[in-house]
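Each chain, letter by letter, is given below.
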Amino acid sequence: ARARPRPGMGAVSAAAPLLEARDLSVSFGSGRLRITALEAFSFRLGEGEALGLVGESGSGKSTVLRAVMGLIPAAGGRISLSGRPVATAAAAGR
């Protein structure tokens, strides 16, 4: 019997990912005091998969999660849940 690939282990699914972020960017402040905390970050997460964010202190791990949850506005990019766009604070005009 041939082993089947498990989700996240090389299997390709035609279905939309459960959660996806494409080119996600987050900035704080404005004008000369504007700081880009996250630039062009992307990931895809399928049903049953887990994702770990690993990095040094200050690398943007918490910023990614806060933007995905809608707690802080994304300055750019797109977030979708089950293939449907998720409104971000920036897109909603906040």
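Notes on the structure in this doc start here. (Residues numbered from 1 in each chain as written. Predicted model: local features only at pLDDT ≥ 70, side-chain atom pairs only at ≥ 80, totals over all residues. Heavy atoms only, no water.)

1. Things to note about helix α1 (residues 61-69)
Convention followed: Using a 1.4 Å probe on the protein chains alone, a residue whose accessible area is under 20% of its type maximum counts as buried, one over 50% counts as exposed, and one in between counts as partly exposed. Secondary structure elements follow DSSP: runs of H or I of four or more residues count as helices, runs of E of two or more count as strands, with numbering from the N terminus. In this description, one arc is meant: the one made by directions from the helix axis to the C-beta atoms. Whether two residues are in contact is decided by their heavy atoms: any pair within 4.5 Å suffices.
Three or more residues of α1 are buried, namely T63, V64, A67 and V68. The buried residues of α1 occupy an angular sector of 130 degrees when the element is viewed end-on, so they sit on one face. For α1, the secondary structure elements touched by its buried residues are β1 (19-28), β2 (35-45) and β3 (76-81). In the stretch just after α1, G70 is the one whose phi turns positive, near 80 degrees.

2. Let's talk about a nonpolar patch on the surface
Our working definition: Each patch groups residues whose relative accessible area exceeds 30% and which form no salt bridge, using 9 Å between like charges and 5 Å between nonpolar side chains of Val, Leu, Ile, Met, Phe, Trp and Tyr. Throughout, the Shrake-Rupley method with a 1.4 Å probe supplies accessible areas, and for residues the shown protein chains are the sole cover considered. The rule for a salt bridge is simple: a side-chain nitrogen of Lys or Arg has to be within 4 Å of a carboxyl oxygen of Asp or Glu.
Where nonpolar side chains cluster on the molecular surface, the patch consists of L51, L53, L65, M69 and L71 and spans about 490 Å² of accessible area. Here M69 shows up in helix α1. Judged by its relative accessible area of 57%, M69 is exposed.

3. Concerning the nonpolar core
How we decide: Nine residue types can take part in a nonpolar core, namely buried Ala, Val, Leu, Ile, Met, Phe, Trp, Tyr and Cys, and a core is a set of them joined through side-chain atoms within 4.5 Å.
Residues L19, L24, F43 and V68 are the most contacted members of the largest nonpolar core, which totals 13 residues. At the level of elements, β1, β2 and α1 are the ones that each hand at least two residues to this core. No other element matches β1, which puts four residues into this core. Once residues lying within four places of it in the same chain are set aside, the contact partners of V68 are L19, L24, F43 and I79.

4. Some thoughts on the environment of L19
With respect to the element layout, L19 can be found in strand β1. L19 sits 24 residues away from F43 along the chain, and the two C-alpha atoms are 8.2 Å apart. Leave out the neighbours within four places in its chain, and L19 touches F43, R44, L45, V68, I79, S80 and L81.

5. Topic: the packing of aromatic side chains
Which entries qualify depends on this criterion: For this analysis, a ring pair means two rings from Phe, Tyr or Trp (six-membered ring only for Trp) whose centres lie within 6.5 Å, classed as stacked if their planes differ by under 30 degrees, edge-to-face if by over 60, and tilted for the remaining angles.
Taken as a whole, this structure holds one aromatic pair when the rule is applied. Ring geometry for F41 against F43: centres 5.9 Å apart, planes inclined by 55 degrees, an arrangement best described as tilted.

6. Here's the deal with the sheet that holds β2
Sheet strands pair by backbone hydrogen bonding; their relative direction is either parallel or antiparallel. Threshold: Only strands joined by at least two bridges in the DSSP assignment are considered to pair.
Read from one edge to the other, the open sheet built from four strands follows the order β2-β1-β3-β4, with strand pairing classed as antiparallel. For this open sheet the edge positions go to β2 and β4 (84-85), each flanked by a neighbour on one side alone. Sheet topology places β1 next to β3; five bridges connect them, and they run antiparallel. By the bridge assignment, A21 is partnered in β3 with I79.

7. Comments concerning the pairing of β2
Inspection of the sheet shows β1 paired to β2 by seven bridges, in the antiparallel sense. Counted as the bridge partner of E20 is R44 from β2. Counting the residues in the hairpin turn of β1 and β2 gives six residues, including G29, whose phi is positive at 80 degrees.

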